[in-house]
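As a plain string of letters, each chain reads:
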Amino acid sequence: MKQIITLNINNQNYDVVVTPMDLLVDVIRKTVGLTGTKKGCGQGDCGACTVLIDGKPELSCIKLAVASVGKKITTIEGIANEDGTLHPIQDAFLDHGAVQCGFCTPGMILSAKALVDRNPNPTQKEIKTAISGNTCRCTGYINIIEAIESYANSVAEKEAK
Amino acid sequence: MNILSNFQYHAPKTKAEVLELLADIGDRSKMLAGGTDLIIMLKEKMIETENIINIGDVEELAGIKFTDEGVEIGACTKIADIENSTELVKDYNALVHAAGELGSYQVRTMATLGGNISHSSPAGETPTPLAALNASVVIESKRGTRVVKAEDFILGNRKNVLEKDEMLTKFVIPAPAANSATVYGYIGLRNAMEIDAVNMAVNVELEADKKTVKSVKLVMGSVSPKPIVSEAVPALLVGKELNEDLVEKIGEAAMSEAKPISDIRASAEYRKDVVGALARRLTKEAYELAMEA
Ligand SMILES: Cc1cc2nc3c(=O)[nH]c(=O)nc-3n(C[C@H](O)[C@H](O)[C@H](O)COP(=O)(O)OP(=O)(O)OC[C@H]3O[C@@H](n4cnc5c(N)ncnc54)[C@H](O)[C@@H]3O)c2cc1C
Ligand code: FES
Ligand code: FES
């Protein structure tokens, strides 16, 4: 029951051979080879596998690849600028020491980016809510929240100009 | 890398196509909406299926539509779209509140309102406010359409009234009665991502004097295999004005009706205490809001 489907990942079309049972996280990591997306719990709890689907954060470990056809999938590899320099939210994470082992970071950054995209002025509570599905074993979250606040502020400042 | 059992995948584009498929292979199929329950059950080998029918991309099954009588919410409307709806907040805040408490943001962008009640978990977040708001559930098949009350949809743990060829297509929630208010509350173990130990929704309607209770609907979740609509609380309250003494009695009445179990999340005794506390607090809150409504 193998079939060829086209997935649009980071604005590029990939023709991949899958079965209906294949999970999006496995296809992204193993078939396409984009390993920035992590697989932790595999049960929807930890958020390491977060990708953006049509701009909204979803969990690729509980998403069928076949159900992702026709949608715009964005992984952590897709948010840097075209010239290879980092996206400002990635810079903010580095500047605030919000990365230790880095396993949670791709999912955390995508959740945070989606938050600021839908709500450019989030409160601390809204930030905490937005990342409540992203587990970090290392940092204790404080630096992550500060990084997201500073990124949101820089976006708000830019919009004010 | 294949850990799910073998199934065939169907991606209908219209409701009519879904109903056609259900008539044909409904007895050998599972519908996939957001998949936040279904994929986990498949992964854990709790269920197996020959066919998956993806209803999540059928546009006519999703959306929030206001009518003269109230609001209609499509079965495949995402929980996050309910949580973020500035239009629902005014009259249907109990549902918006519950939606915002379900899982994490990622889960809410995937999960649907229809999926939540169809999964029929005793701990489900939205069946209680839907019942308190007097929502009806619209069920369709190729044979026709029928409507059941939200509180009659769930029959027990992971059991509901749907036949194999039927699906839930939408919720119809009436506009709130004059001088009424509905509130939702829950007590869990952590602030986010927990499964509720107890959840509850209370709808209080007052007479034109804005003091005397005309009707009250108190619905408890997670304290029995299906949501319980209290009979004792209306018996105590209708025709009366709320006072501290009645508030105490309401707590006791709700506790006497709850049939909680002890499990990994909480003991039965603790759950009963929580029922009392929630019943007292939410009835007061709803009463006060209804006075201002
Ligand atoms: C990490 C995590 C946390 C969670 N936290 C909570 C929580 O706090 N509270 C809570 O209530 N739930 C929680 N859930 C469970 C789940 O997210 C919800 O029950 C969700 O609303 C299910 O919707 P879905 O669209 O994903 O359903 P699916 O998984 O797609 O479907 C669930 C079941 O309903 C059936 N179904 C779906 N739509 C229809 C329809 N229209 N007609 C007939 N049958 C249908 C499916 O066939 C399946 O059997 C959590 C899940 C995860 C993974
Ligand atoms: S790997 Fe998907 S949520 Fe943990
Ligand atoms: S940095 Fe290690 S899990 Fe977050």
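Residues numbered from 1 in each chain as written. Chains lettered and ligands numbered in written order. Predicted model: local features only at pLDDT ≥ 70, side-chain atom pairs only at ≥ 80, totals over all residues. Heavy atoms only, no water.

Even after reading the chapter, I still don't get the sheet that holds strand β3 (residues 50-53) of chain A, so can you show me in this structure?
Hydrogen bonds along the backbone pair up the strands of a sheet, which may run parallel or antiparallel. Residue and element names in this part refer to chain A. Spatial strand order, β2-β1-β5-β3-β4: five strands in an open sheet with mixed pairing. Across the chains shown, the open sheet's two edge strands, defined by having one partner strand only, are β2 (12-18) and β4 (56-59). Each adjacent strand pair in this sheet contributes to an overall mean axis angle of 45°, direction not counted. As defined by bridge partners, strand β1 (residues 3-9) adjoins β2 across seven bridges and the pair is classed as antiparallel. Residue Leu-7 lies in a different strand from β2, and its bridge partner there is Tyr-14. (Pairing = 2+ DSSP bridges. Helix = DSSP H or I, 4+ residues; strand = E, 2+ residues; numbered from the N terminus. Axes fitted to C-alpha atoms, helices over the stretch in contact; angles between N-to-C directions.)

Please clarify how the site of ligand 1 should be interpreted in this entry.
Around ligand 1, a shell composed of 31 residues is seen, among which B:Met31, B:Thr36, B:Asp37, B:Leu38 and B:Thr112 lie nearest. In this structure ligand 1 sits where residues from chains A and B come together. Protein chains shield 93% of the accessible area of ligand 1, which is 990 Å² for the free molecule. Breaking the shell around ligand 1 down by element, the ones donating at least two residues are β2 (29-32), α2 (38-43), α6 (113-119) and β10 (167-174) of chain B. The dominant element in the shell around ligand 1, judged by the number of residues it contributes, is α6(B), at four residues. Grouping the constituent residues of the shell around ligand 1 by class yields 14 nonpolar, twelve polar and five charged. (Near = heavy atom within 4 Å. Areas by Shrake-Rupley, 256 points an atom, 1.4 Å probe, with all protein chains shown as cover. Nonpolar A, V, L, I, M, F, W, Y, C, P; charged D, E, K, R; others polar.)

Would you mind showing me how to read the environment of A:Thr35 here?
Residue and element names in this part refer to chain A. Structurally, Thr-35 can be placed in the loop between α1 (24-31) and β3. Judged by its relative accessible area of 41%, Thr-35 falls in the partly exposed class. In this structure, the C-alpha to C-alpha distance between Thr-35 and Thr-75, residues 40 residues apart in sequence, is 9.4 Å. Apart from residues no more than four positions distant in its own chain, Thr-35 is found in contact with Arg-29 and Glu-77. (Buried < 20%, exposed > 50% of the residue type's maximum accessible area, 1.4 Å probe, protein only. Contact = heavy atoms within 4.5 Å.)

Teacher, can you tell me more about the domain arrangement of chain B here?
How big an interface is tends to be reported as the loss of accessible area on association of its parts. Taken domain by domain, chain B comprises domain 1 (8-54), domain 2 (61-174) and domain 3 (180-292). Once you take the C-alpha centre of each, domain 1 of chain B and domain 3 of chain B turn out to be 36 Å apart. (Domains from an automatic or database assignment.)

Can you walk me through the nonpolar core in this structure?
When a protein is soluble and globular, its nonpolar side chains tend to lie buried together. If you look at the biggest cluster of nonpolar residues, it comprises 71 residues, and the most contacted ones within it are A:Leu64, B:Ile73, B:Leu130, B:Phe153 and B:Ile173. The element best represented in this core is helix α4 (residues 88-100) of chain B, accounting for seven residues. Setting aside anything within four residues of it in sequence, one finds B:Ile173 in contact with B:Glu69, B:Gly70, B:Val71, B:Ile73, B:Tyr92, B:Leu95, B:Leu130, B:Leu133 and B:Ala135. Core analysis: the next-biggest nonpolar cluster, separate from the first, contains 30 residues, B:Val204, B:Leu237, B:Leu242 and B:Ile250 among them. (Core = buried A, V, L, I, M, F, W, Y, C linked by side-chain atoms within 4.5 Å.)

Mind showing me how you'd approach unusual backbone geometry here?
The phi angle of most residues is negative, glycine excepted, and most peptide bonds adopt the trans form. Residues and elements named next belong to chain A. Backbone geometry places Asn-10, a non-glycine residue, at a positive phi of 50°. Tracing the backbone through its elements, the reader meets Asn-10 in the loop between β1 and β2. A positive phi angle is found at Asp-54, which is not glycine, with a value near 45°. By the secondary structure assignment, Asp-54 is in the loop between β3 and β4.

What's the story with the interface of chain A and chain B in this structure? I'm lost.
On the side of chain B, 28 residues touch chain A, which itself brings 34 residues to the contact. Taken together, both faces of the contact between chain A and chain B bury some 2,500 Å²; the carbon and sulfur share is 62%. For the chain A face of the interface with chain B, the top three residues by lost area are A:Met21, A:Ile62 and A:Leu64, together amounting to 24%. For the pair chain A and chain B, the number of links is one salt bridge. A salt bridge links A:Lys71 to B:Asp57, with the nearest nitrogen and oxygen atoms 2.8 Å apart. Where chain A meets chain B, there are nine residue pairs in polar contact (both at pLDDT 80 or more). (Buried area = accessible area lost by both parts, 1.4 Å probe. Salt bridge = Lys/Arg side-chain N within 4 Å of Asp/Glu carboxyl O. Polar contact = N/O pair within 3.5 Å; in protein donor to acceptor, adjacent residues only side chain to side chain.)

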